[in-house]
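# Residue-level structure breakdown
Chain by chain, the residues:
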Amino acid sequence: MRFNRIIILVFSALICLDGRAQSTDGMSIVFSDNFKNNKNGWFTSMSGSNRSRVNNNMEFLIVGVNDKGSSERSWVNTNVDFNKNFVLKAKIKSETDGGVNADIKFGLLVGMSDYKYRTEQGWYGYRLFSNEKKAWIYATNENGTQLFKREVEKPGSYRADDYNEIAIQKKGETVTFYLNGDEVYSNDATSASAGSIIFEAKNVQKAYLNKLEIYQ
């Protein structure tokens, strides 16, 4: 009898876990990168005080910001249609020398054609903060106006200086954001404009992206 009760409890826990985590059942990987090379053609720059590059040996994309208050980006153009159902998973982290603060942010912007058109197009944004206290979640309408913006306080337990998995899932008319498998925020989906993926770091830090997968 006790054994049966344990089985029931375990089964119930698995159901709850599946309900809170993004699912890729029945989907296939349509884009991925492990950064063993730059086969996908990420735009990087080693000129100026801010830098971005693919480290093939260590298998990560690194974005370094050295100017206080500024930002650096690396991006790739893909054929992914972010208006279809999708699950995007990425592992990111940040390292700082001068101590953490709320002005240090790092994460992804997806669904626009080019950063310079961000005020005219539909896209999603998801950033973490180095002080580990909140997550920035954003989306625009297809004309660039704001659809939603949230700074979710205490989105879940994470260490900014260790790799954390952020995920975005679009299912039907709903988009949901996850952190290490836990749901952080959900709202209406937007009409994305294109398939670009931008890895962005703001303020002095070194931000890392070491795995990226998109399922559809």
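Residues numbered from 1 in each chain as written. Predicted model: local features only at pLDDT ≥ 70, side-chain atom pairs only at ≥ 80, totals over all residues. Heavy atoms only, no water.

## Some remarks on the confidence of the model for the chain
When pLDDT is averaged along the chain, the result is 91; 90% of the residues meet or exceed 70. Overall, residues 5-19 carries pLDDT values under 50, and its contacts beyond four positions in sequence, including any with other chains, amount to zero contacts. (pLDDT = per-residue confidence, 0-100. Contact = heavy atoms within 4.5 Å.)

## Quick word on the nonpolar core
Membership of the largest hydrophobic core comes to 50 residues, with the highest contact counts inside it found for Phe 82, Leu 88, Leu 108, Tyr 126, Leu 128, Phe 177 and Ile 197. In terms of residues, this core owes the most to one element, strand β8 (residues 134-140), which gives five residues. (Core = buried A, V, L, I, M, F, W, Y, C linked by side-chain atoms within 4.5 Å. Buried < 20%, exposed > 50% of the residue type's maximum accessible area, 1.4 Å probe, protein only. Helix = DSSP H or I, 4+ residues; strand = E, 2+ residues; numbered from the N terminus.)

## Thoughts on the pattern of salt bridges
Summed over all chains, the structure comprises six salt bridges. Put simply, Lys 134 and Glu 151 hold a salt bridge, and the shortest N to O gap is 3.0 Å. Note that Lys 134 is positioned in strand β8 and Glu 151 in strand β9 (residues 146-153), a separation of 17 residues in sequence. On the basis of relative accessibility, which here comes to 36%, the residue Glu 151 falls in the partly exposed class. Within this structure, Arg 73, Arg 127 and Glu 200 form a network of salt bridges that share partners. (Salt bridge = Lys/Arg side-chain N within 4 Å of Asp/Glu carboxyl O.)

## Overview of the sheet that holds strand β4 (residues 71-76)
Strands belonging to one sheet form pairs held by backbone hydrogen bonds; the direction of such a pair is parallel or antiparallel. One open sheet accounts for six strands, arranged β4-β13-β6-β7-β8-β9; its pairing is antiparallel. What marks the edges here is a single partner per strand, and that holds for β4 and β9. Between one strand axis and the next, the sheet turns through 15° on average, direction left out of account. Pairing geometry for strand β6 (residues 105-110) and strand β13 (residues 197-202), over six bridges, is antiparallel. Its bridge partner being in β13, Val 110 is matched across the sheet by Ile 197. (Pairing = 2+ DSSP bridges. Axes fitted to C-alpha atoms, helices over the stretch in contact; angles between N-to-C directions.)

## Here's the deal with the environment of Gly 144
Tracing the backbone through its elements, the reader meets Gly 144 in the loop between β8 and β9. Among residues more than four places away in sequence, those in contact with Gly 144 are Arg 118, Thr 119, Glu 120 and Gln 121.

## Regarding the pairing of strand β10 (residues 164-171)
The element β10 is largely enclosed, with a buried count of six among its eight residues. Pairing geometry for strand β5 (residues 86-95) and β10, over seven bridges, is antiparallel. What sits directly across from Val 87, in β10, is Gln 169. If you look at the hairpin formed by β10 and strand β11 (residues 174-179), you'll find two residues sitting between the two strands, and Gly 172 has a positive phi there, around 65°.

## Quick word on the packing of aromatic side chains
All chains considered together, the criterion is met by 11 aromatic pairs. For the ring pair Phe 82 and Phe 86, a centre distance of 5.0 Å and an interplane angle of 80° mean the geometry is edge-to-face. For Phe 82, a relative accessible area of 1% translates into the label buried. With a relative accessible area of 0%, Phe 86 lands in the buried category. (Phe/Tyr/Trp six-rings, centres within 6.5 Å; stacked < 30°, edge-to-face > 60°.)

## Brief notes about the environment of Arg 53
Relative to the assigned elements, Arg 53 resides in strand β2 (residues 51-55). Here Arg 53 falls in the partly exposed class, since its relative accessible area comes to 34%. Counting along the chain gives 11 residues from Arg 53 to Trp 42, while the straight-line C-alpha distance between them is 8.5 Å. Those residues in contact with Arg 53 that sit more than four places away from it in its chain are Thr 44, Met 46, Phe 60, Leu 61 and Ile 62.

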